[in-house]
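# Observations on chain architecture
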Amino acid sequence: MGLLEYRQHKADCQRKQQERATKIASLPATYSYPLTPQERTILGKPIQELVQDVQNNITNPVDILRTYGKVTLKAHEKTNCATEILFPEAEAWASKECNLKGPLAGIPVSLKDSIQVAGFDITVGFSTHTGKPYAKDGPMVRLLKDAGAVPFVKTNLPTTLLSFESTNDVWGRTTNPHNTDYSPGGSTGGESALLAFGGSRIGIGSDVAGSVRVPAHFSGCYSIRCSTGRWPKMGMNTAMPGQEAIPSVFSPMARTLNDLTYFTRSLIQCKPWEYDYTVHPLEWRQSIEDEYKDRKVMRVGVMRTDGVVDPSPACARALSLVADALRAEGHEVFDVSPPSPYEALKLASHLLLSDGGQTFMSFFRSGEWNDLGAAVMVRYMRLPRFVKTLHYWWVKYIRRDAIWAGLIKDWSPKSAYEYWALVGKREAYKATFYDWWDAQGAGETAMDVMLVPPNATPAVPHGGMHDAVSSCGYTFLFNLLDYSAGVLPVTHVDASKDALPSAFALGNLNGIAQGAYKHYDATKMAGLPVGVQVVGRRLQEEKVLAVMQRCEDALDRHSGPYELLDID
């Protein structure tokens, strides 16, 4: 059975890759022509201008689609970011199905592979899901088309959706457009690679532990993790169906902040709750967006470290650039120490893997490749309890590493009794954090947002998640809390400015930090993007996006704008 299953796995992977290659080879010749001056003009326009051009019959939506299709093919050639190529179907949708009077008229939108599109598989990187096309569009795709948008490509991810890399046997490995030796992030890594390269302006991904925010940080684009209930959830597939302890949230990504805000606002104004029962009937609150665009003095807390893995020099520098720019604009910027982010990391990790990884492992076929980080978690989960107990004692009492020991303690599948206890602790932690935020001030003295690193390091090299799998606390914290959190690119790694101090010693760090720093090398990483995370409280997307704009404007004035990759 194992050999037969392995052969079927290999055959299905080869078939899907051949389908993709054949689809690309059979595209109209126009997709292979060099970009024209008119197309370069299209590429330079923000989406609201393109919408106006479409609605005023200045630009044909098919011309926009073919322009971005050309760049997508270049991006895919360099990074292997695409899974399903939808271009021919998208041309038909643009003419027959998409509402060209809508707020997104004619705008191509790229989709994470896990989103349901009629006539196409949702493989989520598993070969067992191939050859099973969906009969109809999911709510997200119907909403997009009704808003006028044109889904045109699906993008790569890791099989488990539990990695900051994006590799699987079905579609292969996606690379970072800035440096192909490094990951573009995950699990929405195909999207971030495509957006950063310039093959799309708008994309949709999902986030359960940082999966739209870390890719934005690794690749140099923009994203916001929406709170649960603000964005459609149904019509998707996942590696962990039924996992609700740390809900996965589908959320937008973009090449520019202006596009991210316009897109998020437009989709919510289209009343997604009429398409998906999980969405709160919460209108876009333009008054909040306007208030924070104009507020004279904001109070901004800066979380310099989570107490588990101090941010690398590159990430610390990016955080300081934003904090200093806001302070120079007259805003009140101050350091904060939230209640134990380490406790949140432990709770979130045990809750997310409370089934022992059994659900996502059930989709693997014999011989199918697993993400190296996810494999580490499952392998440790399956060790005999007495072995794990001995290891815990060794880590805590011999190595004297209380941080690492605390995370691996009781790392095993949970009974319903144990799971409920963890949920109770989760809710208690959320209440503690809520009270702590309130304690930072009230009324005009309230803390408006926090600035936080998106990750301890810039992008990891391929295979780096084997070591860095537990270093996700800077994003995972806000999944546990269900807070709105956005990421904007700030700078690039500088070999000189971001080098580790001469006194740095890996052996002096706890086990989690050692895994994160094992691959940190400012010389090798030079040129990789570095971002900053802007965090609001639950359901504060309007505020977070407005403050992200204030941060970007302040950076432009005081340290210079972030430089996007040029579109070839």
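Residues numbered from 1 in each chain as written. Predicted model: local features only at pLDDT ≥ 70, side-chain atom pairs only at ≥ 80, totals over all residues. Heavy atoms only, no water.

## Quick word on the domain arrangement of the protein chain
For the protein chain, the assigned domains are domain 1 (1-340 + 443-559) and domain 2 (341-440). The straight-line distance from the C-alpha centre of domain 1 to that of domain 2 is 26 Å. The interface of domain 1 with domain 2 comprises 62 residues on the first partner and 44 residues on the second. Together, the buried faces of domain 1 and domain 2 total about 4700 Å²; carbon and sulfur atoms form 70% of this surface. Between the two partners, domain 1 and domain 2, sit two salt bridges. One salt bridge connects Arg 365 with Asp 12, and the closest N-O pair in it is separated by 2.6 Å. Counting the contacts that link domain 1 with domain 2 gives 17 residue pairs in polar contact (both at pLDDT 80 or more). (Domains from an automatic or database assignment. Contact = heavy atoms within 4.5 Å. Buried area = accessible area lost by both parts, 1.4 Å probe. Salt bridge = Lys/Arg side-chain N within 4 Å of Asp/Glu carboxyl O. Polar contact = N/O pair within 3.5 Å; in protein donor to acceptor, adjacent residues only side chain to side chain.)

## What to know about the state of the cysteines
In protein chemistry, a disulfide is the covalent bond that joins the sulfur atoms of two cysteines. Under the defined criterion, the tally for this structure stands at zero disulfides. Cys 98 forms no disulfide, and the closest cysteine sulfur to it belongs to Cys 270, at a distance of 12 Å. With no disulfide of its own, Cys 315 lies closest to Cys 472 among cysteine sulfurs, the gap being 15 Å. (Disulfide = S-S within 2.5 Å.)

## A closer look at the pairing of strand β12 (residues 485-492)
Taken residue by residue, a regular strand's side chains alternate between the two faces of the sheet. Among the eight residues in β12, seven count as buried, and that is most of the element. Pairing of strand β7 (residues 222-225) with β12, which is carried by three bridges, proceeds in the antiparallel orientation. By the bridge assignment for β12, Ile 224 is matched with Gly 486. In this structure, β12 lies alongside strand β13 (residues 529-535), joined through seven bridges in antiparallel fashion. Across the sheet, Val 487 pairs through a bridge with Gln 533, a residue of β13. (Buried < 20%, exposed > 50% of the residue type's maximum accessible area, 1.4 Å probe, protein only. Helix = DSSP H or I, 4+ residues; strand = E, 2+ residues; numbered from the N terminus. Pairing = 2+ DSSP bridges.)

## Description of the layout of surface pockets
Approximately 580 Å³ is the volume found for the largest pocket. What lines the largest pocket is a set of 32 residues, and nearest its centre among them are Met 377, Trp 404, Leu 407, Val 469 and Ser 470. Contributions of two or more residues to the lining of the largest pocket are made by α12 (341-352), α14 (372-381), α16 (402-408), α18 (465-468) and α20 (511-517). Sort the elements by how many residues they give to the lining of the largest pocket and α20 lands first, with four residues. The residue inventory of the lining of the largest pocket, partitioned by class, reads 20 nonpolar, ten polar and two charged. Taken together, domain 1 (1-340 + 443-559) and domain 2 (341-440) each give at least three residues to the lining of the largest pocket, which thus spans both. (1 Å grid on protein atoms, 1.4 Å probe; cavity = no way out; pocket = protein on both sides within 12 Å on 5 of 7 lines; lining within 4 Å. Points joined across faces, edges and corners; volume = space filled by probe spheres on them. Nonpolar A, V, L, I, M, F, W, Y, C, P; charged D, E, K, R; others polar.)

## Quick notes on the pattern of salt bridges
Counting across every chain of the model gives 36 salt bridges. For Arg 538, the salt bridge goes to Asp 482, with nearest N and O atoms at 2.6 Å. Remark: Asp 482 occurs in the loop between α19 (473-481) and β12 and Arg 538 occurs in the loop between β13 and α22 (541-558); sequence separation between them is 56 residues. Taking relative accessible area as the criterion, Arg 538 reaches 36% and is therefore assigned partly exposed.

## What about the pairing of strand β10 (residues 332-335)?
Across four bridges, the pairing between strand β9 (residues 299-302) and β10 is parallel. Following the sheet pairing, Gly 301 is matched in β10 by Phe 334.

## Focus: the packing of helix α11 (residues 313-328) against α22
Contact pair α11 / α22: the axes reach a minimum separation of 8 Å and the direction vectors enclose 85°. The angle between α11 and α22 places the two elements in the roughly perpendicular class. Counting all contacts with α11, which are made through Leu 321, Val 322, Ala 325, Leu 326 and Ala 328, the residues of α22 involved are Arg 550, Cys 551, Ala 554, Leu 555 and His 558. A class-by-class count of the residues in the contact of α11 with α22 yields eight nonpolar, one polar and one charged. (Axes fitted to C-alpha atoms, helices over the stretch in contact; angles between N-to-C directions. Parallel < 35°, antiparallel > 145°, perpendicular 65-115°, else oblique.)

## Observations regarding the side chain of Ser 471
Position of Ser 471 among the secondary structure elements: in the loop between α18 and α19. Excluding anything up to four places from it in sequence, Ser 471 contacts Phe 164, Val 309, Asn 455, Ala 456, Ile 512 and Ala 516.

## Some points on the packing of aromatic side chains
Applying the stated criterion to the full structure yields 13 aromatic pairs. Residues Trp 437 and Tyr 483 carry aromatic rings whose centres are separated by 5.9 Å and whose planes lie at 80° to one another, so their mutual orientation is edge-to-face. With Trp 437 in helix α17 (residues 416-438) and Tyr 483 in the loop between α19 and β12, this residue pair connects regions lying 46 residues apart in the sequence. With relative accessibility at 3%, the residue Trp 437 sits in the buried group. Above the ring of Tyr 434, the side-chain terminus of Arg 537 is found at 4.3 Å from the ring centroid. (Phe/Tyr/Trp six-rings, centres within 6.5 Å; stacked < 30°, edge-to-face > 60°. Lys NZ or Arg CZ within 6 Å of the ring centre and 35° of its normal.)

## A few points about the nonpolar core
Across soluble globular proteins, you tend to see nonpolar side chains buried next to one another. Ile 204, Phe 263, Met 450 and Leu 451 are the most contacted members of the largest nonpolar core, which has 167 residues in total. Composition of this core by domain shows at least three residues from each of domain 1 (1-340 + 443-559) and domain 2 (341-440). Not counting residues up to four positions away in its chain, the partners in contact with Leu 451 are Val 300, Gly 301, Val 302, Met 303, Leu 319, Val 322, Ala 323, Leu 326, Val 532, Gln 533, Val 534 and Cys 551. Core analysis: the next-biggest nonpolar cluster, separate from the first, contains six residues, Leu 195, Val 212, Ala 216 and Cys 221 among them. (Core = buried A, V, L, I, M, F, W, Y, C linked by side-chain atoms within 4.5 Å.)

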